[in-house]
Amino acid sequence: MPLDLPFQTAKQLAAAVRKRKIGCLELLDLYLKRVETYNPELNAVIATDIEGARKRAKAADRAVKAGKKLGPLHGVPMTIKESFDVAGFPTTWGDPAFKDTVAETNALVVERMLAAGVTLFGKTNVPLNLADWQSYNAIYGQTNNPWDLSRTPGGSSGGSGAALAAGLTGIEAGSDIGASIRNPAHYCGVWGHKPTWGVVCPKGHRLGNTVAYGDINVVGPLARGAEDLEIALDAMAGPDEIDGRGWKLSLPRAKKSRLRDFRVAVLRTDRNAPVDRAVQGEIQKLADFLAKKKAKVDDKARPAFDTTELADVYVKLLRAATSGRLSDEAFAKAAADAASLSASDKSYFAQMQRGNSLPHRTWLHLNERRHRFRLAWDKFFDDFDVMICPISMGAAFTHDHVDPRHERTIVINNRKLPVVDQIFWAGYTGVTYLPSTAVPIGQTADGLPIGVQVVGRQYDDYTTIAFAKLLEKEYRGFEPPPAYS
């Protein structure tokens, strides 16, 4: 059965507009009504410009009536993660110090999605400094998961995932340095794509007046279907105006169109971040399905590196990449902690404080190790097209605001483990720049979504998305949360 209109893909919505089955303003008002009805309990959409959006929708309707050339997402209502600059909106990253900092210009991703035809009408919630798998802050409050309001929708693009799953928006964009696209997609049962590093320019995804583009972090789309990811990536990808003077992006298109053509490696868990049996079970079911479809499936093949070493490198480079946000006092505390800790202490706190106060010479050594992992991955993909592996250790967990974050725990296979352990699955591919497409593949016994990340070779973004499209068609499509359908 076709999904109700609010839950259709952006491609389907745009097709309905082009065929004049629904007007752009009518479609926008449908989503605004759902925001009015459902957002109070979800708190996913935290800022709107209704008057401006309606003006844009009316202009979009006039373009349709005049027979003008339309973009691939013409008339599709869109919200975007709060961390992107949108002219006239504050960009705060959840920090009260920036609550009155109103952006004067649009981020590049915003401009490119507008050029593709979207009707942007609001922004969605994030955690403080984008640094959590929950989405709450002192400005906008807490966002809840539409599958279970007592649970997190993920982070840091948590508002994005919740809004999509609940049918409050047509398409979204987020960012990902620690699974911040992949994690909300997994927790909310939607699709997300973490692009190869550098493929989508992050200009305007920033806090304050920063202009440099950071290490590891990427920006990319979230959606209710895999084909939307491809359409959005087409729109978003490419250099900014400075880099564009010297180079053009030319991502290879997927060469395979059937599941049986793919060589698939399967990874269900790792000693650094043990995965809940429910998640492992769904990944195994998918692997069995792929084998029945005659895909080449291998659950033993791994890249030639030690995952504990990779985890060590990732956490330090991650914390180094975000250390510029620290106050002078926090940086001094990190340096003092790092100096006082035993070299044998490999806890998350120890690695975090070492990364937060990393000398540049040490960063260079870590970067060298990172690039050795990158070469090992590239060699691995001589024999495989994609790897499927977990996004996190379990499904969405209950809200937990214990501070500091590294003292929080989650229950995995009846054991309490540090919630920060699951950062491993973000860095397993992210620290080496690889593309990862998050795909919903099942549910836990109590009805929470379970996703998997489809990992590909560097710059094989369209291959991982092509695989995701086949899974959506042949294995599992989008399912709305029961309370919102």
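Below or above, wherever it landed, is the structure these notes cover. (Residues numbered from 1 in each chain as written. Predicted model: local features only at pLDDT ≥ 70, side-chain atom pairs only at ≥ 80, totals over all residues. Heavy atoms only, no water.)

## Description of the overall build of the protein
Here's step 1: Helix and strand content of the protein: 14 helices and 15 strands.
Here's step 2: Relative to a compact globule of 485 residues, whose C-alpha radius of gyration would be 23 Å, the protein shows 21 Å and is just as compact.
Here's step 3: Dimensions of the protein along its principal axes, counting C-alpha atoms only, are 70 × 55 × 50 Å.
Here's step 4: Burial statistics for the protein: of 485 residues in total, 59% are counted as buried.
Here's step 5: Long-range contacts, defined here as pairs at least 24 residues apart, represent 77% of the contacts in the protein between residues at least 6 apart.
Here's step 6: Approximately 19400 Å² of the protein is accessible, and the part contributed by carbon and sulfur atoms is 51%.
Here's step 7: Distance between charge centres in the protein, computed from 63 positive and 55 negative side chains, equals 5 Å. (Helix = DSSP H or I, 4+ residues; strand = E, 2+ residues; numbered from the N terminus. Rg over C-alpha atoms; globule rule 2.2 N^0.38 Å. Buried < 20%, exposed > 50% of the residue type's maximum accessible area, 1.4 Å probe, protein only. Contact = heavy atoms within 4.5 Å. Areas by Shrake-Rupley, 256 points an atom, 1.4 Å probe, with all protein chains shown as cover. Lys, Arg positive; Asp, Glu negative; His and termini not counted. Charge placed at Lys NZ, Arg CZ, Asp CG, Glu CD.)

## Examining the side chain of Asn 356
Here's step 1: By the secondary structure assignment, Asn 356 is in helix H11 (residues 348-356).
Here's step 2: Look at Asn 356 and you get buried, because its relative accessible area is 7%.
Here's step 3: One polar contact links Asn 356 to Gln 353, side chain to side chain, over a distance of 3.0 Å.
Here's step 4: Leaving out residues up to four positions away in the same chain, Asn 356 has contacts with Arg 319, Ser 323, Leu 326, Phe 331 and Ala 334. (Polar contact = N/O pair within 3.5 Å; in protein donor to acceptor, adjacent residues only side chain to side chain.)

## Here's the deal with unusual backbone geometry
Here's step 1: Backbone torsion omega between Gly 155 and Ser 156 reads 5°, so that peptide bond is classified as cis.
Here's step 2: Counting through the fold element by element, Ser 156 comes out in the loop between strand S5 (141-142) and helix H5 (158-165).
Here's step 3: Look at the link from Asp 403 to Pro 404: it is a cis peptide, with omega at 10°.
Here's step 4: Positionally, Pro 404 belongs in the loop between strand S11 (386-389) and strand S12 (409-412).
Here's step 5: Phi is positive for Arg 20, which is not a glycine, with a value near 60°.
Here's step 6: Along the polypeptide, Arg 20 turns up in the loop between helix H1 (10-18) and helix H2 (24-42).
Here's step 7: With a relative accessible area of 53%, Arg 20 lands in the exposed category.
Here's step 8: Notably, Lys 294 is not glycine yet its phi reads approximately 75°, a positive angle.
Here's step 9: Residue position: Lys 294 is located in the loop between helix H8 (277-292) and strand S10 (296-298).

## Topic: the sheet that holds strand S8 (residues 218-223)
Here's step 1: Strand order in the open sheet formed by eight strands is S6-S8-S7-S14-S15-S11-S9-S10, with mixed pairing between adjacent strands. Only two strands of the sheet have a single partner each, and these edge strands are strand S6 (172-176) and S10. Put simply, the sheet's adjacent strands are angled 25° from each other on average, direction ignored.
Here's step 2: Where strand S9 (residues 263-266) and S11 come together, three bridges link them in parallel fashion. Considered in S11, the bridge of Val 266 is made with Ile 388.
Here's step 3: Against the sheet, helix H7 (residues 226-236) touches S6, strand S7 (191-194), S8 and strand S14 (436-443), its axis set at about 145° to S8. (Pairing = 2+ DSSP bridges. Axes fitted to C-alpha atoms, helices over the stretch in contact; angles between N-to-C directions.)

## Concerning the pairing of S12
Here's step 1: On S12, burial follows the alternation: Ile 410 and Ile 412 on one face are buried, whereas Thr 409 and Val 411 on the facing-out side are not.
Here's step 2: Bridge count for S12 against strand S13 (residues 415-418) is four bridges, and the pairing is antiparallel. If you follow Ile 412 over to S13, its bridge partner there is Arg 415.
Here's step 3: Between S12 and S13, which pair antiparallel one after the other, the connecting turn spans two residues, and Asn 413 there sits at a positive phi close to 50°.

## Points about the packing of helix H9 (residues 307-322) against helix H13 (residues 423-430)
Here's step 1: The interhelical angle for the contact between H9 and H13, taken along N-to-C directions, is 95°, at an axis separation of 9 Å. Taken as axis vectors, H9 and H13 run roughly perpendicular relative to one another. Across the interface between the two elements, Thr 307, Leu 310, Ala 311, Tyr 314, Val 315 and Leu 318 of H9 pack against Ile 423, Phe 424, Ala 426, Gly 427 and Tyr 428 of H13.
Here's step 2: Per-class residue counts for the contact of H9 with H13 are nine nonpolar, two polar and no charged. (Parallel < 35°, antiparallel > 145°, perpendicular 65-115°, else oblique. Nonpolar A, V, L, I, M, F, W, Y, C, P; charged D, E, K, R; others polar.)

## Quick look at the nonpolar core
Inside soluble globular proteins, nonpolar side chains tend to come together where they are buried.
Here's step 1: Within the largest apolar cluster, 143 residues are counted, with the highest numbers of intra-cluster contacts made by Met 113, Ile 171, Leu 290, Ile 388, Tyr 428 and Phe 467.
Here's step 2: It is H9 that contributes the most residues to this core, eight residues altogether.
Here's step 3: Residues within four places of Met 113 in sequence aside, it is in contact with Leu 73, Met 78, Val 118, Ile 171, Ala 232, Ala 235 and Met 236. (Core = buried A, V, L, I, M, F, W, Y, C linked by side-chain atoms within 4.5 Å.)

## Digging into the packing of H9 against helix H12 (residues 360-380)
Here's step 1: Between H9 and H12, whose axes approach to 10 Å, the crossing angle comes to 130°. In this view, H9 runs oblique relative to H12, as classed from their interaxial angle. Handedness of the H9/H12 crossing: left-handed. Of H12, the residues touching H9 (which contributes Glu 309, Leu 310, Asp 312, Val 313, Lys 316, Leu 317 and Ala 320) are Trp 363, Leu 366, Arg 369, Arg 370 and Phe 373.
Here's step 2: Considering only residue class, the contact of H9 with H12 consists of seven nonpolar, no polar and five charged. (Left-handed = near helix turned anticlockwise from the far one by under 90°.)

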